[in-house]
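Observations on the model geometry
Here's the letter readout for the chains.
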Amino acid sequence: MKKITAGITAHVDSGKTTLSEALLYISGEIRKTGRVDHGDSYLDTDTIEKNRGITIFSHQAKFNSGDTVVNLIDTPGHVDFSCETERTMAVLDMAVLVISGTDGVQSHTVTLWKLLKKYNIPTFIFVNKLDLNGADKEMVIEDMKAHLSPYCVDFSDRETMLEGVAECEESLMDKYFSGEDISDSEIAEVIFERKVFPCFFGSALKQEGVEKLLDAFDRFTVENKKPSDFGARIYKVSTDKKGNRLTYLKITGGELRVRQEITYTDADGIENKEKINSIRFYSGEKFDSAEFASAGDVCAVTGLTKAYSGQGLGFETDSPQAVLEPVMSYNAVIPDSVNIFDALKNFRTLEEEDPMLRVIYNEQQKKIHIALMGEIQLEVIKQSFPERFGYQVDFDTGVITYKETICDVVEGVGHYEPLCHYAEVHLILEPLDRGSGLQFELRCREDDLDRNWQRLILTHLEEKTHIGVLTGSPITDMKIIVASGKAHLKHTEGGDFRQATYRAVRNGLRKSKSLLLEPFYSFELTVPTENVGRAMTDIMQMSGSFSQPESLGEMSLITGKAPVSCMNSYQNEVVSYTKGKGRLILSVCGYEECHNADEVISQTGYNCDEDIQNSADSVFCSHGAGFNVKWDKVAEYMHLPSALEKLKEKSEERILSYKRAEDFVSRAVEDSELMEIFERTYGKIDRDPRKAFKTVKKPVTYKRSDAMKKSGEEYLLVDGYNIIFAWDDLKEIAKDNLDTARSRLCHILMNYQGYRGCKLIVVFDAYRVKGSHREVEEMHNITVVYTKEKETADTYIERVSHQLGKKHKVRVATSDGLEQIIILGNGAERVSAREFHEEVKLAEKSIREYIEQNFK
């Protein structure tokens, strides 16, 4: 039989667990359905889940659909536990996204959709609660096509399904119009390729429409290939009621047997060899023990004491780092009767089980700090301690988890040379786009430093949470490049490079201009229309931004983003001034520049010069003794030349070489004697000489996959308003007159198109313009598109890039953070607003230089 691992996910209160219960009941797996609000659901088995009436931990069950065995994983819907949902996605063959028929696509629905796209998971959609007053099927369909994908297809009846599928896939369209039959397997294949997203409709509570969804698991799913070699991916770690450590995993290849020895590396980089003590197949709270698990099975095992969530075993690699991150930090208040190190051990146990929990121990203050998503997650931790560890833990008032980054490229140097020790490390720190996190790269010749030492430096970069110099907050959004280093044949030990690496990072941070970042919420605020003015004023006072309010009858919807620190407690105010009619939905959308950085830095009172645990200074040796050199004097003592200066020299040499070649070619075109010399060296030119010497400039920062190497003409799609509001000069113009900013952007793009020579399409979003129709205007050498009503620029660009990407190279210039990942999964190449701005400036500079050189 076919084996499928299916996840079910949704915005909180969309009826996700109720749908899981209905699937299990109709398939005959359970005899009666429970209810989340009654605390007796089959899958929400934890005491805390029953008390709160929400899913907090992922749970699994198994049912059959025709000839298909479905391993169902019910994931948390609340945003505080999104990381558990994301970890689960790494083991899914397909997913069911549940959307409320009364609420439509909500903010967390979009976040989940982006994650499903990131992990390339085929997805069914179930629109639930259509039995309730206010539910509107057609409205939800339009909402899904506008905010999720235009390829959402109604599978309510076969004719509608076939017509919708044919519109999404060209090969099936030909069969449809020629009257040929389209098989279930053909439909399953386009669903598997994420070209179609089947939509089902009904009420999970009344079990309406659920049978069609159940039938689809058998008809429209594709089983992943299963290698013969052993492989598995861990998605969850927990403890059973007897204290046994359970490691939940999916077998992706081969098989796993009881007493089989597994070799793996733990989170500290230490290799472990441990035997599997038992294998359990869970369904709700119950489980069956087995001697083996084969490819496609989802099970829990005992015996792996150091494995962690997201880890790959066998041929599998670790899952990508989670996109979602904790935004709140709390200080733990431990009872006097409990040893601090025993408490730390208990916190570490919870940290292993919850990927969204970060435990930080302050050695100097002897305090435990935790970083997490929100108050509900904090309540779960507080309840866990007396139940599992026998004592109560309290927490002080939470504070925002800030981060720091840099604004310019710098070189950090760390030297560690007390007597009989030696290591020097040169790092280059480069700022990256928001949301990029920390990236590490080796760019050091092995002739200069042995490969083993280089890898050790990389290990030391990755093992520590490096903090900034403004508030002592973790650093992010930068690339740290190992540029050069030096070891001593006799005196260098591993710990020497740890010291040198840490000091080099810190040294670079001290040299650069730093920027404080704070977490932002994306929000959906629904209020009575008479309260719109109050709401907009509040958002502006909270340093937030928002789009034009959308009328929803007597209510209005305002969407935007604002700092977490300002909006964390705004829900209570909304309830108060709307008399209970308003609703605020929040979802963490990443980090941006802190709106009150000076105030936060002052309140924190962090002094980087006094932080001896994170020193930017270096230690050198003279006359048999080590001595300390302050960070700003290290360049005078370092043993290796500046790595950054060497890179600049190479860049200058490359530019000079290019200019010389360009000059030579230009003169060859105009000079017949020089052309004869050129052809004797490089061969006969059979086409127009000017075209023969035309140089195609390739930006060195872009890496193209094999899928990108296409022979057709290059297209550049530009998300107009995103670029306007991402470029400071255009943003300032837009404050006074948006039409002027739009005209200015088009003028810039005309010059750029002439320089680049590509087909350029700029798209402006008219999604909320009532009655608007798509307009296409040819403006000199570029195409300007205004989207129609209910069509976002993102949606248009996604569809067009998908179509053009089959034959052409497609680049998309935008600035939408996670949207960039989603739009460009079609094989297009993303260019961030910052990168595109640099390209345009370079083009303008080159054009001016050419004019000055040739016409003045």
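Note that the coordinates shown come from a computational prediction; the quantities given were computed from them, not determined experimentally.

**So, unusual backbone geometry**
The bulk of non-glycine residues show a negative phi, and the bulk of peptide bonds are trans. Here the phi dihedral of asparagine 120 falls at roughly 55 degrees; this positive angle occurs in a residue that is not glycine. Along the chain, the position of asparagine 120 falls in the loop between helix 4 (107-118) and strand 5 (123-128). Positive phi outside glycine occurs at histidine 780, with the angle close to 60 degrees. Structurally, histidine 780 can be placed in the loop between strand 37 (775-779) and strand 38 (782-786).

**Things to note about the packing of helix 1 (residues 16-26) against helix 9 (residues 210-219)**
It is at 10 Å that the axes of helix 1 and helix 9 come closest, and there the two elements cross at 75 degrees. Between helix 1 and helix 9, the angle is such that the two are roughly perpendicular. Packed against helix 1, whose contacting residues are Leu19, Ala22, Leu23 and Ile26, the element helix 9 presents Val210, Glu211, Leu213, Leu214 and Phe217 at the interface. Looking at the contact of helix 1 with helix 9 residue by residue, the classes come out as eight nonpolar, no polar and one charged.

**So, the packing of aromatic side chains**
This structure, assessed with the given rule, holds 24 aromatic pairs. Here the aromatic rings of tyrosine 248 and tyrosine 282 are separated by 5.9 Å at their centres, their planes lie at 45 degrees, and the arrangement is tilted. You can see tyrosine 248 sitting in strand 9 (residues 245-253) and its partner tyrosine 282 sitting in strand 13 (residues 278-283), a full 34 residues away along the chain. Using a relative accessible area of 6% as the deciding quantity, one classes tyrosine 248 as buried. Arranged with centres 5.8 Å apart and planes meeting at 55 degrees, the rings of phenylalanine 341 and tyrosine 361 form a pair that is tilted. Taken together, the residues phenylalanine 341 in helix 10 (residues 340-353) and tyrosine 361 in strand 19 (residues 358-362) connect sequence positions 20 residues apart.

**Considering helix 6 (residues 158-168)**
Within the span of helix 6, buried status applies to Met161, Leu162, Gly164, Val165, Ala166 and Cys168. Of the surrounding elements, those touching the buried residues of helix 6 are strand 6 (152-154), helix 7 (170-177) and helix 8 (184-192). Measuring from the side-chain oxygen of the N-cap residue of helix 6 to the backbone nitrogen of glutamate 159 gives 3.3 Å; that N-cap residue is aspartate 157.

**A short note on the pattern of salt bridges**
Throughout the structure, instances matching the rule amount to 40 salt bridges. Residues arginine 158 and aspartate 184 are paired through a salt bridge, measuring 3.8 Å at the closest nitrogen-oxygen approach. Placement of arginine 158 in helix 6 and of aspartate 184 in helix 8 is noted, with a sequence separation of 26 residues between them. Since its relative accessible area comes to 36%, arginine 158 is described here as partly exposed. Exposure remark for aspartate 184: the relative accessible area of 25% places this residue in the partly exposed category. Through salt bridges with shared partners, a single network forms among Arg158, Asp181, Asp184, Asp215 and Arg219.

**Concerning the sheet that holds strand 38**
One open sheet accounts for six strands, arranged 37-38-36-35-39-40; its pairing is mixed. Of all the strands in the sheet, just strand 37 and strand 40 (829-832) have a single pairing partner and so form its edges. Averaged over all neighbouring strand pairs, the angle between strand axes comes to 20 degrees, with direction disregarded. Relative to strand 40, strand 39 (residues 810-814) runs parallel, the two sharing four bridges. Bridge pairing in strand 40 places arginine 811 opposite glutamate 829. In the packing of helix 24 (residues 738-756) onto the sheet, contacts are made with strand 35 (715-719), strand 36 (759-764), strand 37, strand 38 and strand 39, and the angle to strand 36 comes to roughly 165 degrees. Taken strand by strand, helix 25 (residues 793-804) contacts strand 35, strand 36, strand 38 and strand 39, and its axis lies near 170 degrees from that of strand 35.

**So, the sheet that holds strand 9**
Ordered in space as 14-13-16-9-8-17, the six strands form an open sheet in which the pairing is antiparallel. Because the sheet does not close on itself, it has two edges, and the strands there are strand 14 (286-290) and strand 17 (312-314). Direction aside, the axes of adjacent strands within the sheet are offset by 40 degrees on average. In the sheet, strand 8 (residues 231-239) pairs with strand 9 via eight bridges, with the strands oriented antiparallel. Considered in strand 9, the bridge of serine 238 is made with leucine 246.

Calculation notes
Residues numbered from 1 in each chain as written. Predicted model: local features only at pLDDT ≥ 70, side-chain atom pairs only at ≥ 80, totals over all residues. Heavy atoms only, no water. Helix = DSSP H or I, 4+ residues; strand = E, 2+ residues; numbered from the N terminus. Axes fitted to C-alpha atoms, helices over the stretch in contact; angles between N-to-C directions. Parallel < 35°, antiparallel > 145°, perpendicular 65-115°, else oblique. Contact = heavy atoms within 4.5 Å. Nonpolar A, V, L, I, M, F, W, Y, C, P; charged D, E, K, R; others polar. Phe/Tyr/Trp six-rings, centres within 6.5 Å; stacked < 30°, edge-to-face > 60°. Buried < 20%, exposed > 50% of the residue type's maximum accessible area, 1.4 Å probe, protein only. Polar contact = N/O pair within 3.5 Å; in protein donor to acceptor, adjacent residues only side chain to side chain. Salt bridge = Lys/Arg side-chain N within 4 Å of Asp/Glu carboxyl O. Pairing = 2+ DSSP bridges.

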